[in-house]
Each structure stands twice: as structure tokens, then as C-alpha cells.
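Overview (structure and organization)
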Amino acid sequence: MQNSNKTIRPQKLSDFVGQESIKESLKVFINSAKSRNATLDHTLFYGPPGLGKTTLSGIIANELGVSIKHTTGPAIEKVGDLAAILIGLSKGDILFIDEIHRLPKSVEEVLYSAMEDFKLPIVAGSKRSAHTIVLNLNRFTLIGATTRFGLISPPLRDRFGIVYHLELYTPEELKEIVLHDGKILNIKISDEAALLIGKRARGVPRIAIQLLRRVRDFAEVKNKRIIDSEVVIEACSSLRIDEFGLNELDRKYLHNLVGKFKGGPVGIETLSTAMGEDKGTIEDIIEPYLMKINFVLRTPKGRIATIKARKYIGKSEENTLF
Ligand code: ADP
């Protein structure tokens with residue numbers, strides 16, 4: 001029933017589910033760049049992990065018919081690392097930098113002129129004989145991805161001509177992804193079960209795909225040829241994912257916010273200390289979905305639990321699952 005080596009990343013814009021307005025405008029920019037035989041403007045994607053930033057970058061390269069070089073902010077430690085990558089790019093190529101907010105400052109500064117003028121200033125020689133030479137680069141497109149838009153410095157942010165915020169997906173969109181990936185992975189699943197996975201995947205395609213694989217494991221053990229809702233519910237309960245798609249980490253957050261801090265408002269620093277969790281994890285992974293389902297509000301005074309969240313925690317205290 002399985003073949004997990006097949007690539008399930010969509011290769012074309014038309015195969016990419018959801019994010020309609022991004023796809024629509026990207027289509028225009030890609031076609032325009034192609035017809036003018038020009039490079040695409042530098043593009044920045046931001047949003048929580050697993051929403052398709054890397055996938056969209058690959059699709060852009062594919063649609064433009066150019067090569068893409070993948071790297072990450074923390075992997076480029078020195079200006080020399082960046083120089084080696086940039087010099088290796090051919091005309092029109094894409095350089096994809098994930099976690100671009102983690103680029104060292106010295107590297108970032110060199111990137112400015114590479115992005116703007118396609119020039120690379122390099123210091124040659126040492127001490128007294130040191131002088132700067134400027135290398136001309138092939139025109140390239142930088143695609144940056146980040147989960148922390150606020151941590152990108154304004155000068156870097158301003159050098160991206162195209163900036164997109166990726167939103168969490170609806171259960172129906174995730175259902176479509178699950179059905180599509182199920183076909184590629186040769187996993188048989190009913191429409192109803194695919195929607196159920198979509199409802200429990202916290203709006204994130206990566207989580208939906210992981211859940212599909214875990215549910216497939218359960219179905220195999222139970223000798224079920226087709227995944228139905230019953231298997232999904234059973235697998236989720238064993239993974240401690242509830243009907244809202246909430247997991248242990250979400251519940252820890254809500255127990256702190258509703259229990260310890262009486263529903264807020266409470267500042268992120270205080271919550272982070274109380275939970276013993278990194279601020280970034282709370283802001284990037286836990287809160288976007290809790291806000292989307294109206295459990296939590298971010299206000300200038302701090303986080304507030306809604307009535308929905310209070311009811312949920314009230315119920316969960318009587319429920320053995322938690
Ligand atoms: P990010 O770079 O934002 O962390 P990825 O691009 O790595 O996310 O996507 C995570 C997984 O989800 C990949 O397996 C990808 O194929 C899948 N995926 C993400 N978005 C979509 C989408 N809109 N349609 C289909 N599959 C998607």
C-alpha cells in the first residue's frame with residue numbers, strides 16, 4: 001500500500017492547492033518575466049512552517065525554466081560563503097534562502113548590493129594592501145522565506161519587490177491535498193476521512209501529509225484497505241490530537257493562559273517562561289492556529305483567551321483524553 005519515496009511536492013502552479021491570490025499574481029509576474037526575457041523580482045514568502053514556501057519557490061523555478069539553489073540563513077556563515085554561491089549562479093537562476101532572518105549581519109550587508117546592482121564587493125589582499133574589488137554577477141532572483149517577518153531588517157525587506165504572506169489553509173483545501181497525495185502515495189482514503197484529516201491538521205499542509213502517513217500506518221495494522229473516518233479518529237486519539245486538531249503543546253498553552261493567567265491579558269514573555277517554551281515556537285507554531293479558530297486574541301496588552309477557549313479548557317478538565 002505504500003511508496004514513500006515518490007515526490008509529492010507539486011511542480012506546477014496549477015497543482016498547488018489554495019493561496020489563490022498569491023498564485024494569481026505570481027502567474028502574472030512569471031508570465032511577464034518570461035515574455036520580457038527578464039529575471040523575476042526578488043521575492044519574499046513569510047508565514048508559519050509547512051505552508052508551502054519552499055514548494056512555491058521550486059514551482060517558480062520550474063515555471064520559469066531556471067535552476068534553483070537552496071540554502072539557509074544560518075548556513076551562510078561568512079561573506080565568502082555567500083560570494084561562492086552568488087558567483088556560481090547563471091543568468092536568471094533562483095537563489096532560495098530559507099530562514100533568511102537568520103543571515104549574519106555582515107553577510108546581509110553584502111547581499112544588499114548583490115540584490116540591487118548585481119555587484120559583489122570583495123576585499124582582496126590583507127592589512128595595508130587590502131583593497132576592494134567589485135565583481136559583476138549574473139542577474140538572479142533571490143527568494144527568501146521566513147517564519148519571522150518582524151525579524152527581517154527593514155533594509156533587507158525593502159529590497160524585495162514581491163512580498164507574500166501565506167495563510168493557514170481551510171479543511172477543504174487540506175482535504176484536496178490529502179486526496180492528491182494519497183493518490184501519489186497509493187494510499188486509498190475516503191472523501192470523508194480526508195476531510196477529517198483536513199480538520200485536524202491545524203491549517204498546515206505538512207501536518208496533513210504527516211497525519212495521512214500515520215493514519216495509513218494504523219490502517220495497515222488493522223488490515224483496512226481503505227482509510228475511513230473511524231481509522232482517522234483512532235489514529236488521532238492515539239496521537240493525542242483532538243477534534244479541533246489541537247495537540248499537547250496547544251493544550252499546554254491554553255492551560256497556562258486560561259488556568260494560570262485567568263484568561264489574560266498576558267504578555268508573550270511571561271507565557272513563554274511559564275510554559276518553558278521558546279517564544280518563537282509560541283508565536284510561529286502555536287498561536288496562528290489558535291487565533292484562526294478564535295481561541296486566542298492578540299491585543300496590545302497581551303494574549304487573551306476567548307470564551308471558546310475557556311469552554312474548551314473547562315471541558316478538557318473533565319475529559320480523560322487530556
Ligand atoms: P514551508 O517551506 O513553508 O515550510 P513546504 O513548502 O516545505 O513548507 O511544504 C511542506 C509540505 O507540504 C511539502 O510536502 C509540500 O509538498 C506540501 N504542501 C505545502 N503547500 C502545499 C499546497 N498548497 N498544495 C500541495 N502541497 C503542499
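First things first, this report covers the structure right here in the doc. Everything quoted here is computed from the prediction, not taken from an experiment. (Residues numbered from 1 in each chain as written. Predicted model: local features only at pLDDT ≥ 70, side-chain atom pairs only at ≥ 80, totals over all residues. Heavy atoms only, no water.)

One pass over the structure, following the stated rule, counts six aromatic pairs. An angle of 90° between the planes, with centres 5.4 Å apart, marks the rings of Phe118 and Phe140 as edge-to-face. Here the residue Phe118 occupies a position in the loop between helix 4 (105–117) and strand 4 (119–124), and Phe140 occupies one in the loop between strand 5 (131–136) and strand 6 (141–146), the gap between them amounting to 22 residues. By the burial criterion, Phe118 is buried, and Phe140 matches it. A centroid spacing of 5.6 Å and a plane angle of 80° characterise the contact between Phe244 and Tyr312, whose relative ring orientation is edge-to-face. Of this pair, Phe244 sits in the loop between helix 9 (229–238) and helix 10 (248–260) while Tyr312 sits in helix 13 (residues 307–318); the two residues are 68 residues apart in sequence, bridging distant segments of the chain. Phe244 sits in the partly exposed class, given a relative accessible area of 29%. The class for Tyr312 is buried, based on a relative accessible area of 7%. (Phe/Tyr/Trp six-rings, centres within 6.5 Å; stacked < 30°, edge-to-face > 60°. Helix = DSSP H or I, 4+ residues; strand = E, 2+ residues; numbered from the N terminus. Buried < 20%, exposed > 50% of the residue type's maximum accessible area, 1.4 Å probe, protein only.)

All right, on to the site of the ligand then. The environment of the ligand is formed by 17 residues, the closest being Val17, Gly50, Lys53, Thr54 and Thr55. Here Arg9 contributes a side-chain N or O atom positioned 3.1 Å from an oxygen atom of the ligand. Among the secondary structure elements, those contributing two or more residues to the shell around the ligand are helix 2 (53–64) and helix 8 (205–221). Of the residues in the shell around the ligand, the class split is ten nonpolar, four polar and three charged. Mapped onto the domain boundaries, the shell around the ligand takes at least three residues apiece from domain 1 (19–165) and domain 2 (171–238). (Near = heavy atom within 4 Å. Polar contact = N/O pair within 3.5 Å; in protein donor to acceptor, adjacent residues only side chain to side chain. Nonpolar A, V, L, I, M, F, W, Y, C, P; charged D, E, K, R; others polar. Domains from an automatic or database assignment.)

Turning next to the sheet that holds strand 2 (residues 68–72). Reading across the sheet, the five strands line up as 2-3-6-1-7 and stay open at both edges, with parallel pairing between neighbours. Two strands bound the open sheet, and with one partner strand each, they are strand 2 and strand 7 (162–165). The average angle at which neighbouring strand axes cross in this sheet is 15°, direction not considered. Both strand 1 (residues 43–46) and strand 6 contribute to a ladder of four bridges, which runs parallel. Bridge pairing in strand 6 links Leu44 to Gly144. (Pairing = 2+ DSSP bridges. Axes fitted to C-alpha atoms, helices over the stretch in contact; angles between N-to-C directions.)

Once that is clear, we can look at the pairing of strand 7. Both faces of the sheet carry side chains from a regular strand, because those side chains alternate between them. Every second residue of strand 7 is oriented toward a common face, the buried set being Ile162 and Tyr164 and the non-buried set Val163 and His165. Here four bridges tie strand 1 to strand 7, and the two strands are oriented parallel to one another. When the bridges of strand 7 are listed, Phe45 appears paired with Tyr164.

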